[in-house]
Amino acid sequence: QVQLVEFGGGLVQAGGSLRLSCAASGSIFAINAMGWYRQAPGKKRELVAAITSGGTTDYADSVKGRFTISRDNAKNTVYLQMNSLKPEDTAVYYCNAATTIATMRSFGYWGQGTQVTVSS
């Protein structure tokens, strides 16, 4: 089992910034991909950004140029720097860890979620 603990989130005005972090522990030897999904009320959960241990990244089109994902492999921690936040970024953000980016949604481990609210 893999445990994911998230930090960060909160309320910010449009145009502001927030940083999320997620630390993994437990049986992490098979974990290569880590990242963030988000789910807004009434919407499906969507991938925001993901990163492999080798540094390969994947971003949703809606956040490219505004969000940056990074990872500290020694600390088993992934970060999401969110800049130029928009009200439509409001959602619960979930950390995810899996063997590959492709398997994150179906087979990954999930954090408890952290609320991000962007006011206009």
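## Brief notes about the overall build of the protein chain
Part 1: Helix and strand counts for the protein chain stand at one helix and eleven strands.
Part 2: Judged by the C-alpha coordinates and their principal axes, the protein chain covers about 40 × 25 × 25 Å.
Part 3: A total of 120 residues make up the protein chain; the buried ones form 43% of that total.
Part 4: Within the protein chain, contacts between residues at least 6 apart in sequence are counted, and of these 57% link residues at least 24 apart.
Part 5: Accessible surface, the protein chain: about 6,100 Å² in total, of which carbon and sulfur atoms supply 51%.
Part 6: For the protein chain, the centre of its 11 positive side-chain charges and the centre of its 7 negative side-chain charges are spaced 1 Å apart.

## Remarks on the side chain of Asp-89
Part 1: Secondary-structure assignment places Asp-89 in the loop between β8 (77-82) and β9 (91-98).
Part 2: Relative accessible area serves as the criterion here: at 1%, Asp-89 is assigned to the buried category.
Part 3: Polar side-chain contacts of Asp-89 include one of 2.7 Å to the side chain of Arg-66.

## Here's the deal with the sheet that holds strand β3 (residues 18-26)
Part 1: What the four strands build is an open sheet, ordered β1-β3-β8-β7; its pairing is antiparallel. Since the sheet does not close on itself, it has two edges, and those belong to β1 (2-7) and β7 (67-72), each with one partner. Pairwise comparison of adjacent strand axes, ignoring direction, gives a mean angle of 15° for this sheet.
Part 2: Note that β3 and β8 share six bridges and pair antiparallel.

## Looking at unusual backbone geometry
Part 1: Positive phi, close to 50°, is recorded for Asn-76, a residue that is not glycine.
Part 2: With respect to the helices and strands, Asn-76 occurs in the loop between β7 and β8.
Part 3: When its relative accessible area of 28% is taken as the criterion, Asn-76 is described as partly exposed.

## Quick look at the pattern of salt bridges
Part 1: Applying the stated rule across the entire model yields four salt bridges.
Part 2: Note that Asp-89 is salt-bridged to Arg-38, the shortest N-O span being 2.9 Å. Taken as a pair, Asp-89 in the loop between β8 and β9 and Arg-38 in strand β4 (residues 33-39) lie far apart in primary sequence, 51 residues in all. Assigned by exposure class, Asp-89 and Arg-38 land together as buried.
Part 3: Asp-61 is the partner of Lys-64 in a salt bridge, and the nearest nitrogen-oxygen pair spans 3.1 Å.
Part 4: For Lys-64, a relative accessible area of 51% gives the class exposed.

## Section: the pairing of β3
Part 1: Here six bridges tie β1 to β3, and the two strands are oriented antiparallel to one another. Across the sheet, Val-5 pairs through a bridge with Ala-23, a residue of β3.

Rules used in this analysis
Residues numbered from 1 in each chain as written. Predicted model: local features only at pLDDT ≥ 70, side-chain atom pairs only at ≥ 80, totals over all residues. Heavy atoms only, no water. Helix = DSSP H or I, 4+ residues; strand = E, 2+ residues; numbered from the N terminus. Buried < 20%, exposed > 50% of the residue type's maximum accessible area, 1.4 Å probe, protein only. Contact = heavy atoms within 4.5 Å. Areas by Shrake-Rupley, 256 points an atom, 1.4 Å probe, with all protein chains shown as cover. Lys, Arg positive; Asp, Glu negative; His and termini not counted. Charge placed at Lys NZ, Arg CZ, Asp CG, Glu CD. Polar contact = N/O pair within 3.5 Å; in protein donor to acceptor, adjacent residues only side chain to side chain. Pairing = 2+ DSSP bridges. Axes fitted to C-alpha atoms, helices over the stretch in contact; angles between N-to-C directions. Salt bridge = Lys/Arg side-chain N within 4 Å of Asp/Glu carboxyl O.

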